[in-house]
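Geometric and topological summary
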Amino acid sequence: MRLLIVDDEEILIDILQRTLKNYALDAVTDGEQGWIYGSTYPYDLIILDWSLPKLDGLSLCRRFRKHGYHMPILLLTVRNSSPEKIRALDAGVDDYLCKPFDVEELAARIRALLRRSNSRSPLLSWGDLELNPSNCQVIYQGHSILLTAKEYQLLELFMRHSQEVFGIEDILESLWPSVEYISEATVRSHLRNLRKKLKLAGLPEDPIETLRGRGYYLKPRPQNNKLGRNFLPLQPEDKADKQARHLAALSTAWNRYRNKCHQQLAILEEALQAWKNGYLSPNKRKEARLSAHNLAGNLGIFGFDECSQLARELEELLQKTVQEEKGQLLSFQTIFNDLLVQLAIEDNPSHKISSRLTKHCPLLLVIDDDRNFTELLSQKAISEGIQMVVVPTPELARTWLEGLQDRLLPNAVLLRLSLTGSRANSKDLEERLSLIAEFKLLVPSIPVIIIADRDHFRDRLLVARHGGALYLKQPLLASEAISFCQKVLEHSSWGKKVMIVDDDVELLRVLPDLLEPWGFKLTTLDDPRQFWEVLQAVNPDLLVLDIEMPYLSGIELCKVLRSYACWSRLPVLYLSIHTGVDMRDEVFASGADELVPKPIVGKQLADRILHHLADSNIMSN
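Everything in this summary refers to the structure shown in the same document.

Observations regarding the overall build of the chain
A tally of regular secondary structure across the chain gives 23 helices and 21 strands. Counting only carbon and sulfur atoms, one obtains 51% of the accessible surface of the chain, whose full area is about 30900 Å².

Observations concerning the pattern of salt bridges
Side chains that differ in charge, positive against negative, can pair when their charged atoms come close. This model, assessed by the stated rule, comprises 26 salt bridges. Note that Asp30 is salt-bridged to Lys54, the shortest N-O span being 3.8 Å. Of the two residues, Asp30 sits in the loop between β2 (24-28) and α2 (31-40) while Lys54 sits in the loop between β3 (45-49) and α3 (57-66), which places them 24 residues apart along the sequence. Classification of Asp30 by relative accessible area gives buried; the value is 8%. The salt bridge partner of Asp546 is Lys598, with a shortest N-O separation of 3.4 Å.

Comments concerning the environment of Asn337
Among the secondary structure elements, Asn337 is positioned in helix α12 (residues 326-345). Along the sequence, Asn337 and Leu310 sit 27 residues apart, while their C-alpha atoms lie 9.8 Å from each other.

Re the packing of aromatic side chains
All chains considered together, the criterion is met by six aromatic pairs. Through pairs of rings, three or more aromatic residues link up here, namely Trp35, Phe64 and Tyr69. Seen from the ring of Trp275, Arg285 lies directly overhead, with NZ or CZ sitting 5.6 Å from the centre.

Describing the pairing of strand β11 (residues 215-218)
Going residue by residue along β11, you find Gly215 and Tyr217 tucked away on one face and Tyr216 and Leu218 tucked away on the opposite face as well. Where strand β10 (residues 208-211) meets β11, four bridges bridge the pair, whose relative direction is antiparallel. Across the sheet, the residue bridging to Leu211 is Gly215, located in β11. The hairpin turn running from β10 into β11, its antiparallel successor, is three residues long, and Gly213 in that turn takes a positive phi close to 80°.

Here we look at the sheet that holds strand β4 (residues 73-77)
If you walk across this open sheet you meet the five strands as β2-β1-β3-β4-β5, and the pairing is parallel. In the strand order of this sheet, the two ends are held by β2 and β5 (95-98), each with one partner. Strand after strand, the sheet turns through a mean of 20° between neighbouring axes, direction not considered. When β4 meets β5, the two strands line up parallel, connected through four bridges. Looking at the pairing, Leu75 lines up with Tyr96 of β5.

Focus on unusual backbone geometry
Comment: phi is negative for the bulk of residues other than glycine, and the bulk of peptide bonds are trans. Residues Gln474 and Pro475 are joined by a peptide bond in cis, for which omega reads -5°. Mapped onto the elements of the fold, Pro475 is located in the loop between β16 (470-473) and α18 (478-490). Along the chain, Lys598 connects to Pro599 via a cis peptide bond; the corresponding omega equals 0°. Mapping Pro599 onto the fold places it in the loop between β21 (594-597) and α23 (602-620). Residues other than glycine seldom take positive phi values, yet Lys54 does so here, at roughly 70°. The phi dihedral of Tyr551 is positive, around 75°, even though this residue is not glycine. Tracing the chain through its elements places Tyr551 in the loop between β19 (542-546) and α21 (554-562).

Observations concerning the sheet that holds strand β9 (residues 143-144)
One key point about sheets: their strands pair by backbone hydrogen bonds, in either a parallel or an antiparallel sense. An order of β6-β7-β8-β9 is seen for the four strands of this open sheet, with the pairing classed as antiparallel. Two strands lie at the open edges of the sheet, namely β6 (124-126) and β9, each paired on one side alone. For strand β8 (residues 137-140) and β9, the ladder comprises two bridges, and the chain directions are antiparallel. Its bridge partner lying in β9, Tyr140 is registered against His143. Contacts from helix α6 (residues 149-160) reach β6, β7 (129-132) and β8 within the one sheet, and its direction differs from that of β7 by about 105°.

Regarding the nonpolar core
Within the largest apolar cluster, 55 residues are counted, with the highest numbers of intra-cluster contacts made by Ile110, Leu268, Leu299 and Phe332. Among the elements that line this core, the one with the most residues is helix α9 (residues 239-276), at 11 residues. Counting residues in each nonpolar core, the second largest holds 48 residues, with Ile46, Leu525, Leu535 and Tyr574 among its members.

Structural notes on helix α15 (residues 394-402)
Within the sequence span of α15, burial applies to Pro394, Ala397 and Leu401. Summarising the axial view, the buried residues of α15 lie within an arc of 50°, below the 170-degree limit, and thus occupy one face. Those residues of α15 that are exposed and angled more than 90 degrees off the buried face are Glu395 and Glu402. On its buried face, α15 is in contact with β12 (363-367), β13 (387-391) and α16 (426-441).

Details of α21
Considered for burial, the residues of α21 that qualify are Gly554, Ile555, Leu557, Cys558 and Leu561. The arc enclosing the buried residues of α21, seen along the axis, measures out at 160°, which places them on a common side. In this structure, the buried residues of α21 make contact with α20 (531-538), β19, β20 (572-576) and α22 (581-589).

Some points on the pairing of β4
Within β4, five of the five residues are buried, which leaves the element mostly enclosed by the surrounding structure. Residues Ile73, Leu75 and Thr77 of β4 are buried on one face, and the alternating residues Leu74 and Leu76, pointing to the opposite face, are buried as well. Note: β3 against β4, four bridges, orientation parallel. The partner of Ile46 across the bridge, within β4, is Ile73. For the segment spanning β4, helix α4 (residues 82-91) and β5, crossover handedness is right-handed.

Conventions and cut-offs
- Along every chain, residues carry numbers that run from 1 in the direction the sequence is written.
- At least 70 in pLDDT is required for a residue's local features to be given in this predicted model, at least 80 for side-chain atom pairs to be given and counted, and no such filter applies to totals for whole chains, interfaces and linings, which use all residues.
- As a convention, hydrogens and water are excluded, and side-chain values are obtained from all of the structure's heavy atoms.
- Under the DSSP-based scheme used, a helix requires at least four consecutive residues in state H or I and a strand at least two consecutive residues in state E, with every element numbered from the N terminus.
- Values of accessible area rely on a 1.4 Å probe in the Shrake-Rupley scheme; residue burial ignores everything except the protein chains shown.
- By convention in these notes, a salt bridge is any Lys or Arg side-chain nitrogen within 4 Å of a carboxyl oxygen on Asp or Glu.
- Relative accessibility thresholds used throughout: buried, under 20% of the residue-type maximum; exposed, over 50%; partly exposed, between the two (1.4 Å probe, protein chains only).
- Aromatic pairs are defined between Phe, Tyr and Trp rings, using the six-membered ring for Trp, whenever the two ring centres lie within 6.5 Å; interplanar angles under 30 degrees are classed as stacked, those over 60 as edge-to-face, and all others as tilted.
- As a reminder, the over-ring test applies to NZ of lysine and CZ of arginine, requiring each to be within 6 Å of the ring centre and within 35 degrees of the ring normal.
- Criterion used throughout: strands pair if DSSP finds at least two bridges between them.
- Axes here refer to lines fitted to C-alpha atoms; in helices the fit is confined to the stretch in contact. Angles between the N-to-C directions go from 0 to 180 degrees.
- Contacts are assigned to residue pairs that have any heavy atoms within 4.5 Å of one another.
- Note on terminology: a nonpolar core comprises buried Ala, Val, Leu, Ile, Met, Phe, Trp, Tyr and Cys residues joined through side-chain atoms within 4.5 Å.
- Directions from the helix axis toward the C-beta atoms define the arc.
- For crossovers, right-handed means that the path from the first strand over the helix to the second runs clockwise, given strands pointing away from the viewer.

In short, the description is geometric, and any link to function would need to be established separately.
What follows is the structure in structure tokens.
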């Protein structure tokens, strides 16, 4: 599939070209070039920066929409306020990602937008041959087929456009960037290699037909031979290997970007000196603001979050044009010096990049003194993208928790209980049960998974009374333990997307603080007229609606939502000061799941959200 990137930061383009290898990418650095390319070549998706030379991203998006471009447009920007998001959605963008961002999250959003723009099933098949665009795997009868990026793109092109004939020029236009001049022989070579690999994988016939003088097409789909088919568990791509490749790509990009970073810092230093000398010209101010803007986006991608924030503050100061600038000058100098110090301390970003890769991974605390088991557990956890900390005793677990300070608590705890034999100890058991209760009483509570050497009803009752979430019986494989942990983590609140629509602006300002301990990703909206655009852009895990709003009521919004099959299972909660029987009847008749009374109590609302998210997970499984 072919993508266009319009961004004036060459380092970002370099990173995307290194990490989005399964797509044919064109990249340009200003809005006018973006319009020329987008109106000339066919693209499946366009990625725009908001702040672009010559023509900004929103104006470019409006121009595309005005001239009938209906494919997805994804906006990248450092601007993250709700009014700015609404402006972007109104301009016609389909999704919105704030800089700095995780490249893997960008890749996931691209896949989601491409699926949404294609009404067919995301899993493409030709007989027993299957192609999954979500993870870029090609499978034949349960076995993975290893293809190069271009071979994969060729197969996806034919499978997405079954029986459509593609000439060599059509293939070039679809799969190669316009700046690459590829010969017809190269295309035919990729086709030969693809056919050879499919034959070696065991396909009984060549799925690609040649029409002399016209091109190539995918033959009519054969019937799947379900009887006797050898079903084997598919092996997902190892997450550790994927992260290692991601880390290598970002490290290479950093080495290329380092010099430009110093150039941008030099521009800011020149602006500071001119300001101190009494005159910062408009051109110099504009150049410095652009450098600060680019630093804010790029440093964040490489894991320098504090430096990115400092650069953003410099950009904001350079945007101000008030007459009294003495205070601004002092602030600018202080922030700039802090930025230089931070970059000097951490000039090698390898550990920062590694930290960014695991930033959104769940954290599992394991309290177990069985080294052999915990080593196997750690290996499995890493392969599944789970961070893990191991401590042997409850006492050391408390010491570790006390030393966390401002770092995040674990998302789940795995705790071993010895109830029989020489290892059983009443004092130790009491300490472990007490620790379970402490995790249960936290706000939000942390689920504790028990591994016990006995399975009696009274033991389960004892653990349940202290707040244990899951009770597992030995013997247990490490892979089984991690599988159960994953199921518990699925019900965790951390990172779940919650969209709240309420015309009470003051309430929307307070809610993020009230719900902050639970780690939800909140999107708030005070104008229900923007509901549909924001809903599709956010794709939330749960929706909270006020009932009484101007223009459109929450009940009307819910009824429209439930008329779409794809939104039929989205949990919907209502907020209202009216909680009488008639109101409740109307609420449930409209398709909502619950009515939460106002005024809102943070823990009460969070508990209701968690309850319905858990129910939603059970239904989807």
